[in-house]
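Breakdown of the fold
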Amino acid sequence: MGRLLALQYCFFLLRNYKDAMIFQGQHGVVRRFPLVPGIDCAGLVASSTSELWQRGDAVVLTGNKIGQHSDGGYSEQCRVQAEWLAPKPESLTLEESMIIGTAGFTAMQMVLELQDAGLQPGPAPVLVLGAAGGAGSMAVAILAQLGYKVVASSRRAESLSSYFQELGAFDVIGALERNPKPLQDQRWSAVLDCAGSPSLGTALAQLQYQGACACIGVAGAQHVEASLYPFVLRGIRLIGVDATLPWNVPGYPGDVATWRRDREKRLEIWRRLDELKLHQALRTMHEATIPLEELPQWCEKILAGHVRGRVVVDVGA
């Protein structure tokens, strides 16, 4: 275990807020500088000392703290641990797998966590907070494809209304207004907070009895102003989701049992994404495919909130 391989990258994803922060040298999400950013990538195996992969295999890499604790995907070639990779889903091109990327992988993981908590399609809608971002857009598309009634919430609701509707949203609303009332009308069967919404406490107060919220981000807020009443009187759950599933990374597990457990989870998430056949939604989300030299200006756009959906980088362009 832990053997390395060289990967010839064809594509990697830019539309990750974390990547844009690292690209501009912002501290707090990396262990050290200098560092090659890029928290996900896809390409062909150039060489391998592991029996897991052969030269020419098409693979994807998300998580495992690449681009944070070790050099990431903003390069034409990268040498990584073989156990970090997953096979490219059969129905997806390399480019499509990176339109999904870490954000889509995380969105699918959030949905599966909520389904494990009891979420089923029904008359009550599912609320997606921070729907304009990569994970939010993917969450809207995945939920809609699975038959859920989805409400997309975004500060850019008016300008992006048609975009969310193309992804399958039942309704589009602005940022949820903050309300300190501890128990409110039960509006949502589940909530997906994709950006660290300042109004997360309000969303929790509006969850249905025994509903659940999955949370992945801190870009919008790092603290939650919430009452305990929905937890103890309605039995709601708040689920933190970490899609990095790090293995053999300093400070994280490196045992074989953990790798096998998390690998099964990783493969299942990609299998479910493959089954959904999200090609139309991916075309809707795909804002641009850019060459490597255009990274600086696009990172500025992302941090300024001027990008919606997905931007893919073709390192060979």
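Residues numbered from 1 in each chain as written. Predicted model: local features only at pLDDT ≥ 70, side-chain atom pairs only at ≥ 80, totals over all residues. Heavy atoms only, no water.

Going by an unreviewed UniProt entry, the protein carries the name Enoyl reductase (ER) domain-containing protein and comes from Durusdinium trenchii.

Thoughts on the packing of helix α2 (residues 94-116) against helix α3 (residues 134-145)
In the contact formed by α2 and α3, the axes pass within 8 Å of each other and the chain directions differ by 50°. In this view, α2 runs oblique relative to α3, as classed from their interaxial angle. Here α2 runs over α3; the crossing is right-handed. Judged by residue contacts, Ile100, Ala103, Gly104, Ala107, Met108 and Val111 of α2 engage Gly134, Ala135, Met138, Ala139, Ile142 and Leu143 from α3. (Axes fitted to C-alpha atoms, helices over the stretch in contact; angles between N-to-C directions. Helix = DSSP H or I, 4+ residues; strand = E, 2+ residues; numbered from the N terminus. Parallel < 35°, antiparallel > 145°, perpendicular 65-115°, else oblique. Left-handed = near helix turned anticlockwise from the far one by under 90°. Contact = heavy atoms within 4.5 Å.)

So, α2
Each full turn of the α-helix corresponds to 3.6 residues, which orients residues three or four apart in the same direction. At Gly101, α2 is deflected by roughly 65°, the largest bend along its length. Burial within α2 is extensive, with 19 of its 23 residues counted as buried. Among the residues trailing α2, Gly118 stands out with phi positive, at a value near 115°. (Bend = angle between axes of the 7 residues up to and from the residue. Buried < 20%, exposed > 50% of the residue type's maximum accessible area, 1.4 Å probe, protein only.)

What about the pairing of strand β12 (residues 286-291)?
A regular strand carries its side chains on alternate faces of the sheet. Of the strand pairs in this sheet, β12 and strand β13 (residues 310-314) are connected by five bridges, and their pairing is parallel. Bridge pairing in β13 links Ala288 to Val311. Remark: the β12/helix α9 (residues 295-303)/β13 crossover connection has right-handed handedness. (Pairing = 2+ DSSP bridges. Right-handed = clockwise from strand over helix to strand, strands pointing away.)

Remarks on helix α7 (residues 256-276)
Taking 1.5 Å per residue, 21 residues should reach 30 Å; α7 reaches 30 Å between its end C-alpha atoms and fits that length. Those residues of α7 that sit buried are Thr258, Trp259, Asp262, Arg263, Arg266, Ile269, Trp270, Arg272, Leu273, Asp274 and Leu276. As for α7, its buried residues are in contact with β3 (58-62), β5 (86-87), α2 and α3. Looking one or two places after α7, you find Lys277, whose phi comes out positive at around 50°. (Expected span 1.5 Å × (residues − 1).)

Structural notes on the packing of aromatic side chains
Taken as a whole and judged by the stated rule, the model has three aromatic pairs. Ring geometry for Tyr163 and Phe164: centres 5.5 Å apart, planes at 50°, overall tilted. The residues Tyr163 and Phe164 share a single accessibility class, namely buried. In this arrangement the basic side chain of Lys149 is found over the ring face of Phe170, its NZ or CZ atom lying 4.7 Å from the centre. If you follow Lys301 out to its NZ or CZ, it ends over the ring of Trp298, 4.1 Å from the centre. (Phe/Tyr/Trp six-rings, centres within 6.5 Å; stacked < 30°, edge-to-face > 60°. Lys NZ or Arg CZ within 6 Å of the ring centre and 35° of its normal.)

Section: empty space enclosed by the protein
The rolling of a water-molecule-sized probe over the atoms marks out the regions of remaining empty space. If you walk through the whole model with that rule in mind, you get one cavity of 30 Å³ or more. By volume, the largest cavity amounts to about 80 Å³. What lines the largest cavity is simply Asn64, Glu83, Trp84, Leu85, Ala86, Leu245, Trp247, Trp259, Asp262, Arg263, Arg266 and Leu267. Per-element accounting of the lining of the largest cavity gives the leading share, five residues, to α7. Looking at the lining of the largest cavity, its residues break down into seven nonpolar, one polar and four charged. (1 Å grid on protein atoms, 1.4 Å probe; cavity = no way out; pocket = protein on both sides within 12 Å on 5 of 7 lines; lining within 4 Å. Points joined across faces, edges and corners; volume = space filled by probe spheres on them. Nonpolar A, V, L, I, M, F, W, Y, C, P; charged D, E, K, R; others polar.)

Considerations on the packing of α2 against α7
For any two helices packed against each other, the geometry comes down to the angle between their axes and how far apart the axes lie. Two elements in contact, α2 and α7, have axes separated by 9 Å at closest approach and are oriented at 105°. Accordingly, the angle class assigned to the pair α2 and α7 is roughly perpendicular. Between α2, through Ser97, Ile100, Gly104, Phe105, Met108, Gln109, Leu112 and Gln115, and α7, the contact on the second element is made entirely by Lys265, Arg266, Ile269, Trp270, Arg272, Leu273 and Leu276. For the contact of α2 with α7, the class distribution of residues is eight nonpolar, four polar and three charged.

Looking at the pattern of salt bridges
The tally for this structure, following the rule as stated, stands at four salt bridges. The shortest N-O distance in the salt bridge between Arg261 and Asp262 comes to 3.0 Å. On the basis of relative accessible area, Asp262 is assigned to the buried category, the value being 8%. Through salt bridges with shared partners, one network takes in Glu268, Arg271 and Glu275. (Salt bridge = Lys/Arg side-chain N within 4 Å of Asp/Glu carboxyl O.)

Comments concerning unusual backbone geometry
A cis geometry characterises the amide bond from Phe33 onward to Pro34, with omega recorded as 0°. Relative to the helices and strands, Pro34 is located in the loop between α1 (17-23) and β2 (40-48). Phi is positive for Asn64, close to 60°, though the residue is something other than glycine. Relative to the helices and strands, Asn64 is located in the loop between β3 and β4 (77-81). Of note, the phi angle at Lys277 is positive, near 50°, even though the residue is not glycine.

Structural notes on the side chain of Asp262
For Asp262, the location among the structural elements is in helix α7. There is a polar contact of 3.0 Å between the side chain of Asp262 and the side chain of Arg261. (Polar contact = N/O pair within 3.5 Å; in protein donor to acceptor, adjacent residues only side chain to side chain.)

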